[in-house]
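Architecture and fold: a report
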Amino acid sequence: MEQDEHDFEAFYRSRTPALLRTAYLLTGDRHLAEDLVQDALARTHRAWKKLRDGGNPEAYARQVMYHLQVSRWRRNRVPESLPGDLPERRDGRDQAGDAANRLALRQALLTLPARQRAALVLRYFEDHSEAEAAELLGCRVGTLKSHTARGLAALRKALPDLATEGMFR
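Let us look at the structure shown here.

Rules used throughout
- Per chain, the residues get numbers from 1 upward, laid out in the order the sequence is written.
- Reporting in this predicted model follows two pLDDT cut-offs: at least 70 for local features of residues, and 80 or more for side-chain atom pairs to be given and counted; totals over whole chains, interfaces and linings ignore these cut-offs and use all residues.
- Where side-chain values are given, they derive from all heavy atoms of the structure, hydrogens and water being excluded.
- The way it works is that DSSP assigns letters per residue, a run of H or I at least four long becomes a helix, a run of E at least two long becomes a strand, and they are numbered from the N terminus.
- Multiplying one less than the number of residues by 1.5 Å gives the expected span of a helix.
- A simple rule labels every residue: compare its accessible area, found with a 1.4 Å probe on the protein chains alone, to the largest value its type can have, and call it buried under 20%, exposed over 50%, or partly exposed in between.
- Note on contacts: a residue pair qualifies if any of its non-hydrogen atoms lie within 4.5 Å across the two residues.
- Here, nonpolar core refers to any group of buried Ala, Val, Leu, Ile, Met, Phe, Trp, Tyr and Cys residues whose side-chain atoms link them within 4.5 Å.

1. Things to note about helix 6 (residues 114-125)
Look at helix 6: 15 Å from first C-alpha to last across 12 residues, which is about the 16 Å you get at 1.5 Å a residue. Turning to helix 6, its buried residues are Gln-116, Arg-117, Ala-118, Ala-119, Leu-120, Val-121, Leu-122 and Arg-123. Of the surrounding elements, those touching the buried residues of helix 6 are helix 1 (2-27), helix 4 (57-74), helix 5 (96-111), helix 7 (130-137) and helix 8 (141-158). Positioned one or two residues after helix 6, Asp-127 has a phi angle of 60 degrees, which is positive.

2. Digging into the nonpolar core
Side chains that are nonpolar tend, in soluble globular proteins, to be buried together. Counting 31 residues, the largest nonpolar core has Met-65, Leu-137 and Leu-144 as its most contacted members. Those elements that place two or more of their residues in this core are helix 1, helix 2 (30-46), helix 3 (48-52), helix 4, helix 6 and helix 7. Aside from chain neighbours lying at most four places away, what touches Leu-137 is Val-70, Trp-73, Arg-74, Arg-115, Ala-118, Ala-119, Leu-122 and Leu-144. Of all hydrophobic cores here, the second largest spans eight residues; its members include Leu-112, Leu-152, Leu-155 and Leu-159.

3. Some thoughts on the side chain of Gln-69
Relative to the elements of secondary structure, Gln-69 occurs in helix 4. Beyond its immediate stretch of four places on either side in the chain, Gln-69 contacts Leu-26, Thr-27 and Leu-36.

Such coordinate-based values are descriptive only and should not be taken to indicate function.
Structure, rendered in structure tokens:
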């Protein structure tokens, strides 16, 4: 039992930052992302005994996150909006151009409907195949393709300078 707790703690410490990045991209809000990761890790902890015997805890936690987020979208409630800024890296380099592009892209992503944003995150940030992303979102591949195409078109329209640089191919 003590070994299980130690193993889960090691998993928690090593994978939480990556899970938070994905959750932020799914929710568009740092606080909602933290809540989503916390819920996913709590469910992963409850299933830890099954996962340690040949399961993939990170895949399980990510799938729980996707399912929880889809469930939140399906609830017809007014979305919460908490303004916040992404922290900048502090490695001493001048990253003004990159920072401006990141901020513009973040703003443009936040204007997309939740399904389009999720489709783009799963396909291009998480690098899932179309079939995997469609399964995670609980929709058909054609629907996923439609969300992806519409999301990319909206980003190209909102950010024509980045589109000409080939960012949205």
